[in-house]
Amino acid sequence: MKKFLRIVLTGVVALVALVLAGLLTTTIVNTAASAAEATRIEEYGQRVEVDGKRMNVSVTGEGDQTIVLLPGFGTGSPVLDFSPLVGELSSSYRVVVVEPFGYGLSDQTDVPRTTENIVSEIHEAVAGLGIDRYVLMGHSIAGIYALDYVERFRDEVTAFVGIDSSVPDQPGMDAALPVDALRAAKALGITRVVTALSGDPYSDPPYDQHTREQLGMISLRNTSSATSSDEMSRIAANFRAAKGKTFPADLPVLLFAQRDNPTVAGWLPLHEEQAASVDRGEVVPLDADHYLHHTKSREIAADVDRFLATPGVG
């Protein structure tokens with residue numbers, strides 16, 4: 001029996017040593033790769049001073065109407081991620097992509113990532129560009145932030161366009177998220193390994209090889225950063241704060257939504273309900289994944305043109 005236990009103990013020690021050696025290796029590789037990638041990330045957009053820090057924005061096109069684009073949670077580089085959609089919209093509109101703190105090339109911040117703070121910072125960036133009248137357009141969690149944004153700055157926003165945008169009553173948003181575990185995984189280099197094994201999320205034709213490389217490096221840098229982690233830790237609270245909120249009845253609302261969402265029950269009906277709460281609301285179902293603009297930018301732009309050309313809209 002003692003011999004058996006000794007063999008088991010030796011095996012366990014060897015296994016632990018192997019795991020620790022593996023983690024040491026991934027940590028060293030990740031540290032070296034991150035340092036090398038930092039020198040390869042290319043500048044784009046322009047910086048606007050917000051709360052004493054620098055927020056990155058991109059302004060494209062010269063149309064009479066302005067569209068302000070906001071990203072979904074965790075989008076590494078909103079400017080590059082939205083580039084297919086901006087390409088479609090910028091021939092008719094001035095398009096402003098905002099990279100909130102912790103996103104893209106914007107600074108990090110230690111200001112709590114509450115909806116109120118995020119909205120205040122985005123508005124300060126938009127105001128810093130001298131823009132005071134615009135269509136607000138957002139992906140995913142931007143739909144939650146937009147409710148607060150429009151409530152506070154209704155006189156500036158002419159319409160809201162959602163790209164598979166979150167809604168206050170969607171199920172499953174009260175769950176605690178493993179923020180600390182994800183931060184540890186990044187520090188240990190596990191996130192880099194998992195990302196490499198998961199395949200390229202930007203393999204679709206609109207993104208060329210160079211853009212995909214930049215997206216990958218910026219995403220790895222920003223994933224589980226202090227700012228991003230704080231926002232993740234407050235997702236449930238931000239959804240609770242939005243509970244029961246609706247857009248003003250006189251605000252035109254156009255919602256693009258997945259026709260079949262495999263993870264959220266009643267996704268399309270939830271958006272139809274939100275659209276029905278305003279005088280001019282419309283839902284356009286699309287057959288695509290959550291990042292509709294990766295593959296449906298042309299269709300989105302065409303419907304935006306049609307919707308904003310409707311009398312009394314835009």
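See the structure printed just above.
Attention here is on the structure that accompanies the text. (Residues numbered from 1 in each chain as written. Predicted model: local features only at pLDDT ≥ 70, side-chain atom pairs only at ≥ 80, totals over all residues. Heavy atoms only, no water.)

With that settled, consider the layout of surface pockets. Its volume calculated, the largest pocket comes out at about 830 Å³. Around the largest pocket sit 40 residues that line it, and Phe-73, Gly-74, Leu-177, Met-232 and Ile-235 are the ones nearest its centre. Every element with two or more residues in the lining of the largest pocket is listed here: α7 (190-198), α8 (209-222), α9 (226-233) and α10 (235-242). No other element matches α7, which puts four residues into the lining of the largest pocket. Grouping the amino acids of the lining of the largest pocket by side-chain chemistry returns 17 nonpolar, 21 polar and two charged. For the second largest pocket, the calculated volume is near 660 Å³. Around the second largest pocket, the lining comprises 24 residues; the ones closest to its centre are Thr-195, Pro-201, Tyr-202, Gly-216 and Ser-219. Contributions of two or more residues to the lining of the second largest pocket are made by α7 and α8. Among the elements that line the lining of the second largest pocket, the one with the most residues is α8, at seven residues. (1 Å grid on protein atoms, 1.4 Å probe; cavity = no way out; pocket = protein on both sides within 12 Å on 5 of 7 lines; lining within 4 Å. Points joined across faces, edges and corners; volume = space filled by probe spheres on them. Helix = DSSP H or I, 4+ residues; strand = E, 2+ residues; numbered from the N terminus. Nonpolar A, V, L, I, M, F, W, Y, C, P; charged D, E, K, R; others polar.)

This next bit is on the environment of Glu-49. Structurally, the position occupied by Glu-49 is in strand β1 (residues 46-50). Distance from Glu-49 to Glu-124, taken between C-alpha atoms, is 8.4 Å for residues 75 residues apart in sequence.

What follows concerns empty space enclosed by the protein. Applying the stated criterion across every chain yields a total of one cavity of 30 Å³ or more. By volume, the largest cavity is sized at about 70 Å³. Taken together, Leu-70, Pro-71, Pro-100, Tyr-103, Arg-113, Ile-118, Ile-122, Ile-141, Ala-142, Tyr-145 and Glu-231 make up the full set of residues lining the largest cavity. Counting residues per element, the ones that place at least two in the lining of the largest cavity are α4 (115-128) and α5 (142-152). Tallied by class, residues from the lining of the largest cavity come to nine nonpolar, no polar and two charged.

The subject of this paragraph is helix α11 (residues 267-276). For α11, every residue scored as buried is listed here: Trp-267, Leu-268, Leu-270, His-271, Gln-274 and Ala-275. Within α11, the buried residues cover an arc of 160° as seen down the axis, which keeps them to one side. Exposed residues pointing more than 90 degrees away from the buried face of α11 are listed as Glu-273 and Ala-276. Elements that come into contact with the buried residues of α11 comprise α5, β7 (253-258) and β8 (281-286). (Buried < 20%, exposed > 50% of the residue type's maximum accessible area, 1.4 Å probe, protein only. Arc of directions from axis to C-beta. Contact = heavy atoms within 4.5 Å.)

The subject of this paragraph is the packing of α5 against α10. As a packed pair, α5 and α10 sit with axes 10 Å apart at the nearest point and diverge in direction by 45°. For the element pair α5 / α10, the angle class is oblique. Note on packing geometry: the crossing formed by α5 with α10 is left-handed. Together, Ile-144, Tyr-145 and Leu-147 of α5 and Asn-238, Phe-239 and Ala-242 of α10 make up the contact between the two elements. (Axes fitted to C-alpha atoms, helices over the stretch in contact; angles between N-to-C directions. Parallel < 35°, antiparallel > 145°, perpendicular 65-115°, else oblique. Left-handed = near helix turned anticlockwise from the far one by under 90°.)

This next bit is on the sheet that holds strand β5 (residues 134-139). Across a sheet, paired strands are connected by hydrogen bonds in the backbone, their directions being either parallel or antiparallel. Reading across from one edge, β1-β2-β4-β3-β5-β6-β7-β8 is the order of the eight strands in this open sheet, with mixed pairing throughout. The strands lining the two open edges of the sheet, one partner per strand, are β1 and β8. Taken over all neighbouring pairs, the strand axes of this sheet differ in orientation by 25° on average, direction set aside. Running at roughly 120° to β1, α4 makes contact with β1, β2 (53-60), β3 (66-70), β4 (94-99) and β5 of the sheet. Lying on the sheet, α5 is in contact with β3, β5 and β6 (157-163); it crosses β5 at an angle near 150°. (Pairing = 2+ DSSP bridges.)

Turning our attention to the pattern of salt bridges. Tallied over the full model, the rule gives 12 salt bridges. The residue Lys-245 makes a salt bridge to Glu-151 at a minimum N-O spacing of 3.3 Å. A residue pair is termed long-range when its members are at least 10 positions apart, and Lys-245 in the loop between α10 and β7 and Glu-151 in helix α5 qualify at 94 residues. Residue Glu-151 is classed as exposed on the basis of its relative accessible area of 53%. Residue Asp-250 is joined to Arg-154 by a salt bridge in which the shortest nitrogen-to-oxygen separation is 3.4 Å. Of the two residues, Asp-250 is situated in the loop between α10 and β7 and Arg-154 in the loop between α5 and β6; the sequence distance between them amounts to 96 residues. (Salt bridge = Lys/Arg side-chain N within 4 Å of Asp/Glu carboxyl O.)

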